[in-house]
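This is what each chain is made of:
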Amino acid sequence: MSDITKQSLTELVENIKNKKLSSTDVTKAFIDRSEKSEKLNAYITNDFTSALDKAKKFDQKPNFDLKLPGIPMAVKDLFCTKNIKTTAGSKILNNFIPTYESTVTENIWNEGAILLGKLNCDEFAMGSSNETSFFGNVQSPIDKNLVPGGSSGGSASAVAGQLTPVTIGTDTGGSIRQPASFTGIVGLKPTYGSCSRYGIVAFASSLDQAGPMAQNVKDCALLHEVISSYDPKDSTSIDFKRNHYSKELTNNIKGKKIGIPKEYRVDGMPKEIEDLWQKGIQYIKDCGAETIDISLPNTSYALPTYYIVAPAEASSNLARYDGVKYGFRAKGENLIDMYEKTRSEGFGAEVQRRIMIGTYVLSSGYYDAYYLKAQKVRKLIKNDFDEAYKKVDAILTPSTPSSAFKIGEKTNDPVSMYLNDIFTVPVNLAGLPGISIPAGHDTKGYPLGLQIIGKAFDEQNILNIAYAMEEKINFRNKITDWWIK
Ligand code: GLN
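Residues numbered from 1 in each chain as written. Predicted model: local features only at pLDDT ≥ 70, side-chain atom pairs only at ≥ 80, totals over all residues. Heavy atoms only, no water.

A. Layout of the site of the ligand. Among the 15 residues in the neighbourhood of the ligand, the closest are listed as Thr172, Gly173, Ser175, Tyr306 and Arg354. Between Gly174 and the ligand, the recorded distance is 3.2 Å, taken from a backbone N or O atom to an oxygen atom. At 3.4 Å from an oxygen atom of the ligand is found a side-chain nitrogen or oxygen belonging to Tyr307. If the ligand stood free it would expose 290 Å²; the protein chains cover 100% of that surface. Given that more than half its atoms are within 2 Å of the pocket grid, the ligand belongs to the largest cavity. (Near = heavy atom within 4 Å. Polar contact = N/O pair within 3.5 Å; in protein donor to acceptor, adjacent residues only side chain to side chain. Areas by Shrake-Rupley, 256 points an atom, 1.4 Å probe, with all protein chains shown as cover. 1 Å grid on protein atoms, 1.4 Å probe; cavity = no way out; pocket = protein on both sides within 12 Å on 5 of 7 lines; lining within 4 Å. Sits in = over half its atoms within 2 Å of the grid points.)

B. View of the state of the cysteines. Here the structure, examined in full by the defined rule, presents 0 disulfides. Of all cysteine sulfurs, the one in Cys121 lies closest to Cys80, which takes part in no disulfide; the gap is 12 Å. Relative accessible area serves as the criterion here: at 3%, Cys80 is assigned to the buried category. Cysteine Cys195 remains unbridged, with the sulfur of Cys220 as its closest cysteine sulfur at 11 Å. (Disulfide = S-S within 2.5 Å. Buried < 20%, exposed > 50% of the residue type's maximum accessible area, 1.4 Å probe, protein only.)

C. Layout of a nonpolar patch on the surface. Judged by side-chain polarity, Tyr360, Tyr366 and Tyr370 come together as a nonpolar surface patch covering roughly 290 Å² of accessible area. Here Tyr370 is to be found in helix H12 (residues 367-388). (Patch = residues over 30% accessible without salt bridge, like charges linked within 9 Å, V, L, I, M, F, W, Y side chains within 5 Å. Salt bridge = Lys/Arg side-chain N within 4 Å of Asp/Glu carboxyl O. Helix = DSSP H or I, 4+ residues; strand = E, 2+ residues; numbered from the N terminus.)

D. Quick peek at empty space enclosed by the protein. All told, the structure shown has 2 cavities of 30 Å³ or more when counted by the stated rule. Volume-wise, the largest cavity comes out at about 100 Å³. Surrounding the largest cavity, 16 residues form its lining, Gly127, Ser128, Ser175, Tyr306 and Asp421 being those nearest its centre. When residues of the lining of the largest cavity are traced back to their parent elements, those giving at least two are helix H9 (302-317) and helix H13 (414-419). Split into classes, the residues belonging to the lining of the largest cavity amount to 7 nonpolar, 7 polar and 2 charged. Within this model, the second largest cavity holds a volume of roughly 40 Å³. (Points joined across faces, edges and corners; volume = space filled by probe spheres on them. Nonpolar A, V, L, I, M, F, W, Y, C, P; charged D, E, K, R; others polar.)

E. Quick look at the environment of Val104. Topologically, Val104 is positioned in helix H4 (residues 103-110). In this structure Val104 comes out as buried when scored by relative accessible area, which is 0%. In this structure the C-alpha to C-alpha distance between Val104 and Cys195, which are 91 residues apart in sequence, comes to 6.8 Å. Beyond its immediate stretch of four places on either side in the chain, Val104 contacts Phe79, Ile168, Cys195, Ser196, Ala210 and Ile227. (Contact = heavy atoms within 4.5 Å.)

F. Region of interest: the packing of helix H2 (residues 23-35) against helix H3 (residues 48-60). For the pair H2 and H3, interaxial distance at closest approach is 8 Å and the crossing angle is 165°. Considering the angle they form, H2 stands roughly antiparallel to H3. Remark: the crossing between H2 and H3 carries right-handed chirality. Counting all contacts with H2, which are made through Ser23, Thr24, Thr27, Lys28, Ile31, Ser34 and Glu35, the residues of H3 involved are Phe48, Ala51, Leu52, Ala55, Lys56, Phe58 and Asp59. Classifying every residue of the contact of H2 with H3 gives 6 nonpolar, 4 polar and 4 charged. (Axes fitted to C-alpha atoms, helices over the stretch in contact; angles between N-to-C directions. Parallel < 35°, antiparallel > 145°, perpendicular 65-115°, else oblique. Left-handed = near helix turned anticlockwise from the far one by under 90°.)

G. Up close: the pairing of strand E6 (residues 209-214). Most of E6 is tucked away: 6 of the 6 residues are buried. Of the pairings in the sheet, the one linking strand E4 (residues 166-171) to E6 comprises 6 bridges and is antiparallel in character. When the bridges of E6 are listed, Thr170 appears paired with Ala210. Bridging between strand E5 (residues 186-189) and E6 involves 2 bridges; their strand directions are antiparallel. Note on E6: the bridge partner recorded for Gly187 is Met213. (Pairing = 2+ DSSP bridges.)

H. Spatial organisation of the environment of Gln352. With respect to the helices and strands, the residue Gln352 is situated in helix H11 (residues 349-362). The exposure class of Gln352 is partly exposed, given its relative accessible area of 28%. Sequence separation of Gln352 and Pro311 is 41 residues, and the distance between their C-alpha atoms is 10.0 Å. Setting aside anything within four residues of it in sequence, one finds Gln352 in contact with Arg343, Ser344 and Phe347. One polar contact links the side chain of Gln352 to the main-chain carbonyl oxygen of Phe347, over a distance of 2.8 Å.

I. Spotlight on the pattern of salt bridges. All told, the structure shown has 14 salt bridges when counted by the stated rule. For Asp234, the salt bridge identified is with Arg197, shortest N-O distance 3.7 Å. Here the residue Asp234 occupies a position in the loop between helix H7 (217-227) and strand E7 (257-261), and Arg197 occupies one in the loop between E5 and E6, the gap between them amounting to 37 residues. The exposure class of Arg197 is buried, given its relative accessible area of 17%. Notably, a salt bridge pairs Lys271 with Asp275, separated by 2.9 Å at the nearest N-O pair. With Lys271 and Asp275 both in helix H8 (residues 271-286) and 4 residues apart, this pair spans about one turn of that helix.

J. Broad picture of the packing of aromatic side chains. Taken as a whole and judged by the stated rule, the model has 19 aromatic pairs. With a centroid separation of 6.5 Å and an interplanar angle of 75°, the aromatic rings of Phe58 and Phe64 are classed as edge-to-face. When its relative accessible area of 26% is taken as the criterion, Phe64 is described as partly exposed. Relative to Tyr370, the ring of Tyr366 has its centre 6.3 Å away and its plane inclined at 35°; by these criteria the two rings are tilted. Residue Tyr366 is classed as partly exposed on the basis of its relative accessible area, which comes to 37%. Given the relative accessible area of 33%, Tyr370 is considered partly exposed. The positively charged end of Lys91 is found above the aromatic ring belonging to Phe328, 4.8 Å away from the centroid. Between Lys410 and the ring centre of Phe405, over which it is positioned, the NZ or CZ distance is 4.9 Å. (Phe/Tyr/Trp six-rings, centres within 6.5 Å; stacked < 30°, edge-to-face > 60°. Lys NZ or Arg CZ within 6 Å of the ring centre and 35° of its normal.)

K. Layout of the side chain of Ser37. Relative to the assigned elements, Ser37 resides in the loop between H2 and strand E1 (43-46). Within the structure, the side chain of Ser37 is placed 2.6 Å from the backbone oxygen of Ser34, a separation counted as a polar contact.

Structural data, given as structure tokens:
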């Protein structure tokens, strides 16, 4: 079956359950394609040999009651995988082999899935283009000159390029939704506290969330159902009643009220983004839902707030990489010299920039002016959403202010890179769920995404809205296979 890699996760599960395909067939097909994908640079580490062994074992003793029976899957290299190198895209972790498994990946393997390998990402998930990885940049399967987005660029490239049926990423300020939007796939950032952060290399602990990335909304719902769980090993994990997201998925969104926030119409936004948004509004109406103009007045403060809070937390989280406890160690004349050399050689430029910003905003004398102020503004941003949700059930916005940009285009201008997160960061600051769905193409034929933001713990609702819209949009990704060896 040559078209195995074109099948959705839902189809593959179905075909394995009714024995039209074996796990070995499916695993082989994705390995074959992955092996031809060197140019994309989507993988940091592959585990193909043991993946095939596991697939064969599964076929000898299949368990069709599992949700991901014998399904191969590559994951972002930010999730700790027991006995398998986990680098976070950094030189400083380039020889780190965890002795434990992240809860999210454990949930995936417990449902029968098989690890294909670890996917490239921006260093410590800091970036919007997957150009900050120590292992080199990732290319987009859409066009060789384009970034796939970041930080989950390897994950987006691997799903859009059909190297893995689905995957997981992490989203601190947009790293699932922005690359999903750039590569024409679906990406869900769940409510903070839905998916355990245990065993995920930390970037900014009050913002980080793991979430699914997939070819379609149904696959996304199924994977979310598998990864979302209460975990006592994560003190911020929340014990709430989780839905059977894929089973309860419905395209009936009649009567829903969807907010359209005027502050997301930012200066300099290309007309094609505005047009896409208008089309989205029309799709919503075609589905029988109603749109309502709303205001989220503190939106313009979200980006500066994020770029204070996230580096502050990052500088604290990354203090542990000192050449003693983990990974890379540089030679030094004494202890302090060793620390300094390890950190200056082990971290890339973007990570060092964040550590410097973070330590600055936390330092005595500046703490009140920056960090404390940012925390207060964060609350105001959250209040805006609370106020809006008194009137609406969800909010519709563009996912990004542009389509994918060119490799190298923004690397020398960090601020313009940060501006790309303008529509995604407010969601993380408020701890809310958000999903990006592919909704059209720009004039160059590159994918564009729309974002649906939900109330806390209301993933089912935004999945349903996405599902209904997906049917109307009928998006087809333009993958050329330019990268196939
Ligand atoms: N682009 C954002 C940043 O660099 C978001 C990254 C993320 O979500 N991990 O901080």
